[in-house]
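# Remarks on the overall topology
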Amino acid sequence: MRTGHTVRDAVFDFCRRTGMTTVFGNPGSTELRMFRDFPEDFEYVLALQETVAVATAAGHAIGTGRAGLVSLHSAGGVGHALGAVFNAYRDRVPLVIFAGQQSRDMLPLRPFLGADEPALFPRPYVKWSRQPERAEDVPAALAEAYRVAMTPPRGPVFLSVPADDWDRPADPIPHREVRAGFTADPAALREVAEALDAARSPVIVVGSGVDDEGALPAVVELAERIGAPAWISPLSGRSGFPEDHALFRGFLPPVKDQLAARLEGHDVILVLGTQVFTYHVESDGPAVPAGARLFHFDCDPAQTAWAPVGTSVLTTIQAGVAGLLDLVEKADRPAPEPRPRPAPPRAGDPIDPALAIEALRDRLPEDVVIVEEAPSHRDEFHARMPITRSGGFLASGSGALGWALPVAVGRALAGTGERVVCVIGDGSVMYSVQALWTAVQRRVPLTVVVLNNGGYGAIRALGRRIDMESVPGSDIAGIDYVTVAEGFGCPGRTVVSAAELGAALEEGLGHDGPFLVEVQVEADDSPLYETRAR
């Protein structure tokens, strides 16, 4: 073993070689030795809570395309972060998560701040989890963890390191690489291509995997080649198809009978990079229209095994779609009817949420990145805020709140100056409001638009679906969101009338650094996921 080379040296050297030189964390005693003689070419981004650290690292990973590096405190700190780890797992965000642990000689005594069975704690929502048996095995375990995180389907990994391991001797990690892209068996691709060529009316359903792999141009080319309209999968965390394109049809609802109704009339359904299908509320009926053939492309063996209908093809999306483009014939199918435009929003007071969304849309810069977590208004948001470019939209595909605001901060940190706009509900923002402090300290170009409808509007709406007259615990009152933001050093402005909207949004979008705009909007009294065309 190389004399004078420690576990810490080997770990930082590996992180440097893989581009993981920004550490997101909230420090604790069991991690201190990791940061002794902290390298000058590394940066530590402080979050005020562990959920914020993980989600900010996720936003940074999405923006850079590299794995995010996270440092968490043992046991309780990991517990605080698990909601964000769950989101990262569901959204396939590559994160390398270190957690501190008490020193090895203390572990038999169940010490203060020690973690019992640390590798089990974050499972099943990590791809890989371990506490190495020996200190000298930590660097090799890190290298394995990184490769697992970056191999499709990408996701978070977890490494617990006892405090005294960092100063122990260890060898450097040899350089090696993994070529992670893979495609389907040629016979499977031919089967799908022949079905598309013979189809009377094919349709494409696009999931987050398309945008995650940068496959949007290839998917658009495929849709145009075969003349297939495109839908975005239910509750997708990305866009994946330009929403101003003539072939774009809208967003599938997370309700089985409604989803099948949208696909009625199509005889071949090609699903790309998403689960088949994500549902939110109970509904009867088949998953797809009777007689339709469904083909499913995804890189996750578990996802393909879960699919209840159709033929699943294991492939990365970019490679699989490229293979189809080599095989399918140019089709002459009629273009779909233009999508109906939503009715103009009601002007005046109280503020219609649709008016607030359109006022924001009309003022956005061209290169903006939208991060959304406003469940009450998501249908309205999608209908009135078309995303037209790859990487232009981020949300949580898992539904766990507290993701969007720190993800927006991390995405802004990873950017080259483009504005990031976080559209978020008044309930959602309070799950991780501490992220505003990190945004202020880093002076990121971030505008936070809080749509304040006075509570958990999505929960009320779901209650109305099952004929509940009221839902306990769904009202929120007494929070001054601008004052909260200002307490973290983030300026803001409250909007209570439609006449104030334009000027407030322009101020928020033009501010040098983070700015919060609270828009007090009218509460909706309709149930969620009504049957209507989108």
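Throughout, a residue's number is its position along its own chain's written sequence, starting from 1. pLDDT decides what is reported in this predicted model: residues at 70 or higher carry local features, side-chain atom pairs at 80 or more are listed and counted, and totals for whole chains, interfaces and linings draw on all residues regardless. Note: side-chain values were computed over all heavy atoms of the structure, leaving out hydrogens and water.

### Structural notes on the overall build of the chain
Just so we agree on the cut-off: Secondary structure elements are taken from DSSP: a helix is a run of H or I of four residues or more, a strand is a run of E of two residues or more, and numbering for both begins at the N terminus. Each radius of gyration is computed over the set of C-alpha atoms, and the globule rule expresses the reference value as 2.2 Å times the number of residues to the power 0.38. Using a 1.4 Å probe on the protein chains alone, a residue whose accessible area is under 20% of its type maximum counts as buried, one over 50% counts as exposed, and one in between counts as partly exposed. The contact definition used throughout considers only heavy atoms, calling two residues in contact when any of these lie within 4.5 Å. Areas reported as accessible are Shrake-Rupley estimates using a 1.4 Å probe. Residue values count occlusion only from the protein chains shown. Charge assignment: positive for Lys and Arg, negative for Asp and Glu; neither His nor the chain ends contribute. Think of each charge as sitting on NZ of Lys, CZ of Arg, CG of Asp or CD of Glu.
The number of helices and strands found in the chain is 18 helices and 18 strands. For a compact globule of 534 residues, the expected C-alpha radius of gyration is about 24 Å, and the chain comes in at 24 Å, within 12% of that figure. The principal-axis extent of the C-alpha atoms belonging to the chain is close to 70 × 60 × 40 Å. Taken across its 534 residues, the chain has 57% of its residues classed as buried. In the chain, once contacts between residues fewer than 6 apart in sequence are set aside, the share between residues at least 24 apart is 76%. About 21700 Å² of surface is accessible on the chain, with carbon and sulfur atoms providing 51% of the total. Counting 48 positive and 69 negative side-chain charges, the chain places the centres of these two groups 4 Å from one another.

### A word on helix 11 (residues 353–361)
Of all nine residues in helix 11, eight are buried, a share of seventy percent or more. For helix 11, every residue scored as buried is listed here: P353, A354, L355, A356, I357, E358, A359 and L360. Residues of helix 11 that are buried in the fold lie against helix 12 (378–384), strand 15 (420–425), strand 16 (446–452), helix 18 (498–510) and strand 18 (515–520).

### Side note on the nonpolar core
As a rule of thumb, nonpolar side chains are buried together in soluble globular proteins. Which entries qualify depends on this criterion: Residues enter a nonpolar core if they are buried and are Ala, Val, Leu, Ile, Met, Phe, Trp, Tyr or Cys, with the set joined through side-chain atoms within 4.5 Å.
In terms of nonpolar packing, the biggest core is built from 51 residues, with L95, L405, L446, V448 and L516 touching the most fellow members. The dominant element in this core, judged by the number of residues it contributes, is helix 2 (residues 50–64), at seven residues. Excluding residues within four positions of it along the chain, L405 makes contact with C422, I424, V429, S432, V433, A435, L436, L446 and V448. Counting 37 residues, the second-largest nonpolar core is a separate cluster that includes A199, V206, V220 and I226.

### Observations regarding the packing of aromatic side chains
Condition: Between rings of Phe, Tyr and Trp, where Trp is taken as its six-membered ring, a pair exists when centres lie within 6.5 Å; planes separated by under 30 degrees are stacked, by over 60 edge-to-face, and by other angles tilted.
Under the definition given, this model contains 12 aromatic pairs. Put simply, the rings of F12, F35, F38, F42 and Y44 pair up and form one aromatic cluster.

### Here's the deal with unusual backbone geometry
Here the amide bond leading from R123 into P124 is cis, since omega sits at 10°, within 30 degrees of zero. Note that P124 resides in the loop between strand 4 (95–101) and strand 5 (128–130). Looking along the chain, the bond that leaves P152 and enters P153 is cis, with omega of -5°. With respect to the element layout, P153 can be found in the loop between helix 4 (138–150) and strand 6 (156–162). Although it is not a glycine, A75 sits at a positive phi angle of roughly 55°. Relative to the helices and strands, A75 is located in the loop between strand 3 (68–72) and helix 3 (76–90). Located in the positive-phi region is E117, a residue other than glycine, with phi close to 45°.

### A few points about the side chain of R460
Tracing the chain through its elements places R460 in helix 16 (residues 457–465). Judged by relative accessible area, which is 16%, R460 ranks as buried. Apart from residues no more than four positions distant in its own chain, R460 is found in contact with N453, G454, G455, V471, S474, D475 and A523.

### What to know about the pattern of salt bridges
Basically, it comes down to this: One side-chain nitrogen of Lys or Arg within 4 Å of one carboxyl oxygen of Asp or Glu is enough to make a salt bridge.
Within this structure, the stated rule accounts for 28 salt bridges. For R104, the salt bridge goes to D165, with nearest N and O atoms at 2.8 Å. Here the residue R104 occupies a position in the loop between strand 4 and strand 5, and D165 occupies one in the loop between strand 6 and helix 5 (186–198), the gap between them amounting to 61 residues. Residue R104 is classed as partly exposed on the basis of its relative accessible area, which comes to 21%.

### Regarding the pairing of strand 7 (residues 202–206)
Short version of the rule: In this description, strands pair whenever DSSP reports at least two bridges between them.
Counting buried positions over the five residues of strand 7 gives five, a clear majority of the element. Alternating positions in strand 7 separate into two faces, P202, I204 and V206 on one and V203 and V205 on the other, with burial throughout. As defined by bridge partners, strand 7 adjoins strand 10 (residues 268–272) across five bridges and the pair is classed as parallel. Residue pairing in the sheet places V205 in a bridge with V271 of strand 10.

### Side note on the sheet that holds strand 9 (residues 248–251)
Threshold: Fitting a line to C-alpha atoms yields each axis, with helices limited to the stretch in contact; the angle taken between N-to-C directions then spans 0 to 180 degrees.
What the six strands build is an open sheet, ordered 9-8-7-10-11-12; its pairing is parallel. Each of the sheet's edge strands pairs with one partner strand only, and the pair in question is strand 9 and strand 12 (311–314). The sheet shows a mean angle of 20° between the axes of neighbouring strands, taken without regard to direction. Looking at chain direction, strand 8 (residues 230–232) and strand 9 are connected through three bridges and run parallel.

### Quick word on the sheet that holds strand 6
Pairing is parallel across the open sheet formed by six strands, whose spatial order is 2-1-3-4-6-5. Pairing within the sheet leaves two strands with one partner each, and these edge strands are strand 2 (43–46) and strand 5. Taking the axes of each pair of neighbouring strands and ignoring which way they run, one obtains an average angle of 20° across the sheet. The pairing of strand 1 (residues 22–25) with strand 3 spans three bridges and is classified as parallel.

### Details of the side chain of H60
Summarising the element assignment, H60 is placed in helix 2. Taking the relative accessible area as the measure of exposure, H60 reaches 12% and is therefore buried. Residues contacting H60, with those up to four places away along its chain left out, are T22, F24, G410, R411, L413 and A414.

### Points about the state of the cysteines
What counts is decided by this rule: When two cysteine sulfur atoms are found within 2.5 Å, that pair is recorded as a disulfide.
Enumeration according to the criterion identifies zero disulfides in this entry. The cysteine C422 is free of any disulfide, with C490 supplying the nearest cysteine sulfur at 11 Å.

### Things to note about the environment of D267
For the record, the criterion: Under this definition, polar contacts are N or O atom pairs within 3.5 Å; protein pairs additionally need one hydrogen-donor-capable and one acceptor-capable atom, and for neighbouring residues in sequence, both atoms have to be side-chain atoms.
Inspection of the secondary structure assignment puts D267 in the loop between helix 8 (256–262) and strand 10. Overall, D267 belongs to the buried group, its relative accessible area being 19%. Residues within four places of D267 in sequence aside, it is in contact with A199, R200, S201, P202, G291, A292 and R293. For D267, the side chain forms a polar contact with the main-chain nitrogen of R200, separated by 2.7 Å. Among the polar contacts listed, one links the side chain of D267 to the backbone nitrogen of S201, at a separation of 2.8 Å.

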